Amino acid sequence: MQLLDALTRTARALAHGNIVPSLAETEVARQMQICNACRYCEGFCAVFPAMTRRLEFGKADIHFLANLCHDCGACLHACQYAPPHEFAINVPRAMARVRVQTYADYAWPSALGKLYQHNGLGISLALVFFLALFLFLAVLANGAPWKMSRGADFYDIFPHGILVLLFVPVFLFASLALAIGVRRFLRDITVVTSGAPLTRPAAAQAADAVLRLKYLDGGHGAGCHDEDDAHTLARRRFHHCTFYGFLLCFAATSVATIYHYFLGLAAPYDWPSLPKILGVAGGFGLLIGTTGLCCLKLRRHPLHGDQAQKPMDQGFIALLFLVSASGFALWLCRGTQALPMVLCLHLAAVMALFATLPYGKFAHGIFRSAALLRYCVERRQPGRLDHRG
């Protein structure tokens, strides 16, 4: 009874937000022990089938399960032990707190992960402002931008070589930091699955779950919960717009690189060239997706997710929106005297996005994909319980 009373007191403190990072993993382990006894939500998503393979939950198990969770809210709304019950079971919130902790734990360099974790929105906007100011001062140093001749394009403002020197190091650093972080994460959760081999069917199943955002259907196909008990597929659709909008914009940049270096065709590209089509489609996807996700986050029930993560979420959404909006503005201002200022803003937004990719919400897509891959590998192994801590 003393143990139960202690767990109840801890649960009440956690439910009211009185949590320190060292307790986040302990809280997930506590809730998983209770969920493992109930198993009402076993068919909802990947978290619960993975949970039933375990009797104890070590740190690697908890990181694995937390990154499988898609925060759809189905288990919270179905749970008989959810607040105000004294057990205070809130799996989405508990998982979200551990999930954001994993971004910092596996970040490289680790100091940057901790900094962005608590000040995501402020750091994002400040980075855009100072980068834009730096670029605009560089433009001023080469002459008054408002005296540019009509019809000038952005290579008349920043030569191609300068843009390469600005962006390639930032992109390579972000790619390296993400690769190191996900390698550390995979190394830990691979121990969880006892080094089970990766197979083609497992990889195909994981890719399907990632590309379709399978587990944002609420476990029943009707979608996620937002401000009430009603289901909606809006969150899944806006995630799709954001995800594929980003991929299309990246594809536009990749095709433009091929055009420039292999076909000798220099930017800017006119409509209906392939880079322009891909970029416009991706830009619209980002505008729709980020606007929709922002509205949904403002309406979500306070019990969903972790409110402390809002600055990180908002920072990533703001950067994606700024990149797409300034990209369209750059197209509209082409050949006008407003081009230099808009170009500086667009370049600053893109650089800030690249610089923060390994430490914010973009990382959650990479970590979640890695967790889904290990889940698809694990479920093909014999159904035995893991007794290790």
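Residues numbered from 1 in each chain as written. Predicted model: local features only at pLDDT ≥ 70, side-chain atom pairs only at ≥ 80, totals over all residues. Heavy atoms only, no water.

Below, the discussion takes up the layout of surface pockets. Its boundaries defined by the atoms lining it, the largest pocket holds a volume of some 1,600 Å³. Along the wall of the largest pocket there are 43 residues; nearest its centre are Cys249, Ala252, Thr253, Ala256 and His346. Where the lining of the largest pocket is concerned, the elements lending two or more residues are helix H9 (160-192), helix H11 (234-262), helix H12 (274-299), helix H13 (310-332) and helix H14 (339-356). Looking at the lining of the largest pocket element by element, the count peaks at 10 residues for H11. Partitioned by chemical class, the residues of the lining of the largest pocket number 30 nonpolar, 10 polar and three charged. The space that makes up the second largest pocket amounts to roughly 1,200 Å³. (1 Å grid on protein atoms, 1.4 Å probe; cavity = no way out; pocket = protein on both sides within 12 Å on 5 of 7 lines; lining within 4 Å. Points joined across faces, edges and corners; volume = space filled by probe spheres on them. Helix = DSSP H or I, 4+ residues; strand = E, 2+ residues; numbered from the N terminus. Nonpolar A, V, L, I, M, F, W, Y, C, P; charged D, E, K, R; others polar.)

Here we come to the packing of aromatic side chains. Two aromatic rings are characterised by how far apart their centres lie and by the angle between their planes. Summed over the entire model, instances satisfying the criterion amount to 15 aromatic pairs. Note on phenylalanine 129 and phenylalanine 130: the rings are 5.2 Å apart at their centroids and 80 degrees apart in plane angle, and the pair reads as edge-to-face. Take phenylalanine 129 and phenylalanine 130: they sit in the same class, and that class is exposed. In textbook terms, an aromatic cluster arises when at least three aromatic residues are bridged by ring pairs, as seen for Tyr103, Tyr106, Phe185 and Phe367. (Phe/Tyr/Trp six-rings, centres within 6.5 Å; stacked < 30°, edge-to-face > 60°. Buried < 20%, exposed > 50% of the residue type's maximum accessible area, 1.4 Å probe, protein only.)

For phenylalanine 238, the location among the structural elements is in helix H11. Taking the C-alpha atoms as reference points, phenylalanine 238 and glycine 292, separated by 54 residues in sequence, lie 5.9 Å from one another. Residue contacts for phenylalanine 238: discarding those within four places in its chain leaves Ile288, Gly289, Gly292, Leu293 and Leu296. (Contact = heavy atoms within 4.5 Å.)

Let's shift gears to the side chain of threonine 52. Assignment of secondary structure puts threonine 52 in the loop between helix H3 (47-51) and helix H4 (59-68). When its relative accessible area of 13% is taken as the criterion, threonine 52 is described as buried. Within polar-contact distance, the side chain of threonine 52 engages the backbone oxygen of proline 49 at 2.7 Å. (Polar contact = N/O pair within 3.5 Å; in protein donor to acceptor, adjacent residues only side chain to side chain.)

One can describe the packing of H12 onto H13 by two numbers: an axis separation of 9 Å at closest approach and a directional angle of 145 degrees. Seen from above, H12 lies across H13 with left-handed handedness. In contact with Lys276, Val280, Gly283, Phe284, Leu286, Leu287, Thr290, Thr291, Leu293, Cys294 and Lys297 of H12, H13 contributes Asp313, Ile317, Leu320, Phe321, Ser324, Ala325, Phe328 and Trp331. Partitioning the contact of H12 with H13 into residue classes produces 12 nonpolar, four polar and three charged. (Axes fitted to C-alpha atoms, helices over the stretch in contact; angles between N-to-C directions. Left-handed = near helix turned anticlockwise from the far one by under 90°.)

To continue, consider the pattern of salt bridges. The full count for this structure, using the stated rule, is nine salt bridges. Note that aspartate 313 is salt-bridged to lysine 297, the shortest N-O span being 3.3 Å. In this pair, aspartate 313 sits in helix H13 while lysine 297 sits in helix H12, placing the two residues 16 residues apart along the sequence. Lysine 361 is the partner of aspartate 313 in a salt bridge, and the nearest nitrogen-oxygen pair spans 3.6 Å. With aspartate 313 in helix H13 and lysine 361 in helix H15 (residues 361-378), this pair connects stretches of sequence that are 48 residues apart. The pair formed by aspartate 313 and lysine 361 is uniform in burial state, with each residue classed as buried. A single network of salt bridges, built from pairs that share partners, joins Arg54, Asp61 and Glu378. (Salt bridge = Lys/Arg side-chain N within 4 Å of Asp/Glu carboxyl O.)

Met32, Phe48, Phe64, Leu65, Leu68, Met95 and Tyr375 are the most contacted members of the largest nonpolar core, which totals 44 residues. Looking at which element gives the most residues to this core, the answer is H15, with eight residues. Discounting residues that sit within four places of it in the chain, leucine 65 has contacts with Met32, Val47, Ala50, Met51, Phe57 and Met95. By size, the runner-up hydrophobic cluster in this structure holds 40 residues, among which are Val139, Phe316, Leu330 and Ala349. (Core = buried A, V, L, I, M, F, W, Y, C linked by side-chain atoms within 4.5 Å.)

Here we take up empty space enclosed by the protein. Enumeration according to the criterion identifies five cavities of 30 Å³ or more in this entry. Quantified by volume, the second largest cavity comes out at close to 90 Å³. Lining the second largest cavity are 14 residues, with Cys45, Phe48, Cys69, Cys72 and Cys75 positioned closest to its centre. Those elements that place two or more of their residues in the lining of the second largest cavity are H3, helix H5 (74-78) and helix H6 (91-105). Per-class residue counts for the lining of the second largest cavity are 11 nonpolar, two polar and one charged.

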